[in-house]
Amino acid sequence: MDDKGLTREEVLAHLSGFRAKDTPFNHILSTMCAFPHEIVHDVHTMFAPTNLGDPGLYPGTAEIEKRFIQELGELLHSNTAGGYATSGGTESNLQAIRIAKKCKKVENPNIVVPASAHFSFEKTCDVLSIEMRVAPYSEGKYTVDTDKMAELTDKNTIAVCAVAGTTEYGVIDDVEAIAKIAREHDTFCHVDAAFGGFVIPFLKQPIPFDFAINGVTSISLDPHKMGGSSIPCGCLLLKDPEEFSVLSVETPYLTVKSEFTLSGTRPGADVAGAYAILKLLGKEGFRDIVAGCMENTRRLVDGMEAFGYHRAITPVLNLATFENGDLPKGWKISHTRNNHLRFVMMPHVTRDVVEEFLIAVSELQRS
Ligand code: PLP
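Each value, and the rule that gives it
Residues numbered from 1 in each chain as written. Predicted model: local features only at pLDDT ≥ 70, side-chain atom pairs only at ≥ 80, totals over all residues. Heavy atoms only, no water. Patch = residues over 30% accessible without salt bridge, like charges linked within 9 Å, V, L, I, M, F, W, Y side chains within 5 Å. Areas by Shrake-Rupley, 256 points an atom, 1.4 Å probe, with all protein chains shown as cover. Salt bridge = Lys/Arg side-chain N within 4 Å of Asp/Glu carboxyl O. Helix = DSSP H or I, 4+ residues; strand = E, 2+ residues; numbered from the N terminus. Buried < 20%, exposed > 50% of the residue type's maximum accessible area, 1.4 Å probe, protein only. Pairing = 2+ DSSP bridges. Axes fitted to C-alpha atoms, helices over the stretch in contact; angles between N-to-C directions. Contact = heavy atoms within 4.5 Å. Lys, Arg positive; Asp, Glu negative; His and termini not counted. Polar contact = N/O pair within 3.5 Å; in protein donor to acceptor, adjacent residues only side chain to side chain. Parallel < 35°, antiparallel > 145°, perpendicular 65-115°, else oblique. Left-handed = near helix turned anticlockwise from the far one by under 90°. Nonpolar A, V, L, I, M, F, W, Y, C, P; charged D, E, K, R; others polar. Near = heavy atom within 4 Å.

Visitor: Break down a nonpolar patch on the surface for me, with residues and values.
Guide: Taken together, the side chains of Leu 6, Val 11, Leu 12, Leu 15 and Phe 18 define a hydrophobic patch exposed on the protein surface, amounting to about 440 Å² of accessible area. With respect to the element layout, Leu 6 can be found in the segment before helix 1 (8-19). Among the residues examined, Leu 6 registers a relative accessible area of 48% and is labelled partly exposed.

Next comes the structure, spelled out in structure tokens:
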């Protein structure tokens, strides 16, 4: 640390030098993180000092979180669901399984997850000392084989998990079948909709994945992904919010007597920002965004196939995958574990960005 501080201008110039090294957002086709909606800047100015970890000091901000969660619960077809804003999908998944472990109380607990499960489940099982059983994909698909999932489920299974919008292929597991397995074993059914939670409800033909399905006990969905919010903002909702009480710890020196969240201090600004976006856009606005992303996904698939890059699967959500091939420089595209090219068609990947990328591919082919 320097002995003497710099001027404001000097500090900002210093920072902008670093920022300039980052990849421009419109060349990032590999991220599930949102380019935050512009309203977030004003909201941050208003809410920057607020801490949801001590809600008695910020009852207004705490009320925003409550309303936000309630509106999301309704979107996910439950009037009774409750929850809180987490730091993202990892924390939501971990907390859901933590609750399942405390509620089920079995020796040698296990969870059964699809082969597509995000690596946050591996962390979860490590932290909680739980066995992770991985159910394979259905033949020729990237959704889980639910028969195999049922075979792996036993009396020590504290939760079966489904993914609604997988990280690598953007596909949706058969949540109805997975919830049925959970019901038959009287266990939890956690749906990881970290990515799909802000997409699926807004599709022209939504696919069942939420609390409307009998047996779904918890859902993760991330505003900082398709919800357009700043990082960090995830959400965990439980159909029966009373179950959060198993995580309660006493918080003697705060304005509340107990808390069940994993983090203590939690940012009010990001949650208020996420709520602002919900209010600003309404369902109509989200439907438009999702329709645009789906349209751009189709355009990318058509364009890439015209250049000989064959799709790995036909996209279900705004995520496109292709057989591997050469890529133009200067663009960030990731690969799946099966070495398929993976494009996450977030709202910042506009039609112009898609066309610019396809031109770059055509130039690459000519060179
Ligand atoms: N679950 C799914 C399906 C994801 O795609 C991701 C991240 O991409 C996560 C969980 C983890 O979310 P986070 O990185 O916000 O912790």
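The structure having been displayed, the exposition proceeds.
Visitor: Report on unusual backbone geometry, specifying residues and quantitative values.
Guide: Each neighbour pair has its own omega, and for Ile 231 with Pro 232 the value is 5°, a cis peptide bond. Topologically, Pro 232 is positioned in the loop between strand 6 (218-221) and strand 7 (234-238). In this structure, Lys 105 takes a positive phi of about 45° despite not being glycine. Relative to the assigned elements, Lys 105 resides in the loop between helix 4 (89-104) and strand 2 (110-114).

Visitor: Can you explain the sheet that holds strand 3 (residues 131-135)? Please cite residues and give values.
Guide: Backbone-to-backbone hydrogen bonds pair the strands of a sheet. The strands run either parallel or antiparallel. Here we have seven strands laid out as an open sheet, ordered 1-7-6-5-4-2-3, and mixed in their pairing. With one partner strand each, in any of the chains shown, strand 1 (82-86) and strand 3 form the two edges of the open sheet. This sheet shows a mean twist of 20° between the axes of neighbouring strands, independent of strand direction. Sheet analysis places strand 2 next to strand 3, joined by five bridges and oriented parallel. Each residue of the ladder has a partner; that of Val 112, found in strand 3, is Arg 133. Its contacts with the sheet put helix 5 (residues 120-128) on strand 2, strand 3, strand 4 (157-163) and strand 5 (188-192), and the angle it makes with strand 3 is roughly 150°.

Visitor: Give a description of the side chain of Asp 210 that names residues and reports values.
Guide: Among the structural elements, Asp 210 can be located in the loop between strand 5 and strand 6. For Asp 210, which is buried and forms no salt bridge, the nearest opposite charge comes from Lys 239, at a distance of 8.5 Å. Reaching out from Asp 210, the side chain makes a polar contact with the side chain of His 77 at a distance of 2.7 Å. From its side chain, Asp 210 meets the backbone nitrogen of Ala 212 in a polar contact 2.9 Å long. Once you skip the residues sitting within four places of it in the chain, Asp 210 turns out to touch Leu 75, Leu 76, His 77, Val 216 and Ile 219.

Visitor: Residues and numbers for the packing of helix 4 against helix 5, please.
Guide: At a closest axis distance of 9 Å, the pairing of helix 4 and helix 5 adopts a crossing angle of 40°. It follows from the interaxial angle that helix 4 and helix 5 lie oblique. Two packed elements cross with a definite hand, and for helix 4 against helix 5 that hand is right-handed. Along the contact surface, helix 4 presents Thr 90, Asn 93, Leu 94, Ile 97, Arg 98 and Lys 101, while helix 5 presents Ser 120, Phe 121, Lys 123, Thr 124, Val 127 and Leu 128. Here the contact of helix 4 with helix 5 is built from residues that sort into five nonpolar, four polar and three charged.

Visitor: An account of the pairing of strand 12 (residues 341-344) is needed here, citing residue identities and associated values.
Guide: Taking every second residue as pointing to the same face, both faces of strand 12 are buried, with Leu 341 and Phe 343 on one and Arg 342 and Val 344 on the other. Taken together, the two bridges between strand 11 (residues 334-335) and strand 12 define a ladder with antiparallel strand orientation. Bridging across to strand 12, Ser 334 finds its partner in Arg 342. What sits between strand 11 and strand 12 in their antiparallel hairpin is a turn of five residues, with Asn 339 showing a positive phi close to 65°.

Visitor: So, the site of the ligand: which residues are in play, and what are the values?
Guide: Within the structure, the ligand sits among 14 residues, and Thr 90, Thr 167, Asp 192, His 224 and Lys 225 are positioned closest to it. In this structure, Asp 222 approaches the ligand through a side-chain N or O atom, which is 3.3 Å from an oxygen atom. Interatomic distance of 2.9 Å between a side-chain N/O atom of His 224 and an oxygen atom of the ligand. Protein contact buries 84% of the 390 Å² of open area that the ligand shows by itself. Among the elements that take part in the shell around the ligand, helix 4 stands out by supplying three residues, more than any other. When its residues are assigned to classes, the shell around the ligand shows two nonpolar, nine polar and three charged.

Visitor: Tell me about the packing of helix 2 (residues 39-47) against helix 8 (residues 268-306), residues and numbers included.
Guide: Closest axis-to-axis distance for the helix 2/helix 8 pair is 8 Å, and the angle between their directions is 140°. Judged on the interaxial angle alone, helix 8 and helix 2 are oblique. Here helix 2 runs over helix 8; the crossing is right-handed. Residues Ile 39, Val 40, Val 43, His 44 and Phe 47 of helix 2 touch helix 8, and the partners they reach there are Gly 268, Ala 269, Asp 270, Ala 272, Gly 273, Ala 276, Ile 277 and Leu 280. Grouping the amino acids of the contact of helix 2 with helix 8 by side-chain chemistry returns nine nonpolar, three polar and one charged.

Visitor: Any chance you could break down the sheet that holds strand 12 for me, citing the residues and the numbers?
Guide: The sheet built from three strands is open, its strands ordered 10-12-11 with antiparallel pairing. One side of each edge strand has no neighbouring strand; the edge strands of this open sheet are strand 10 (319-322) and strand 11. Looking at chain direction, strand 10 and strand 12 are connected through four bridges and run antiparallel. Paired with Leu 319 across the bridge in strand 12 is Val 344. Along the sheet, helix 8 makes contact with strand 10 and strand 12, crossing strand 10 at roughly 15°.

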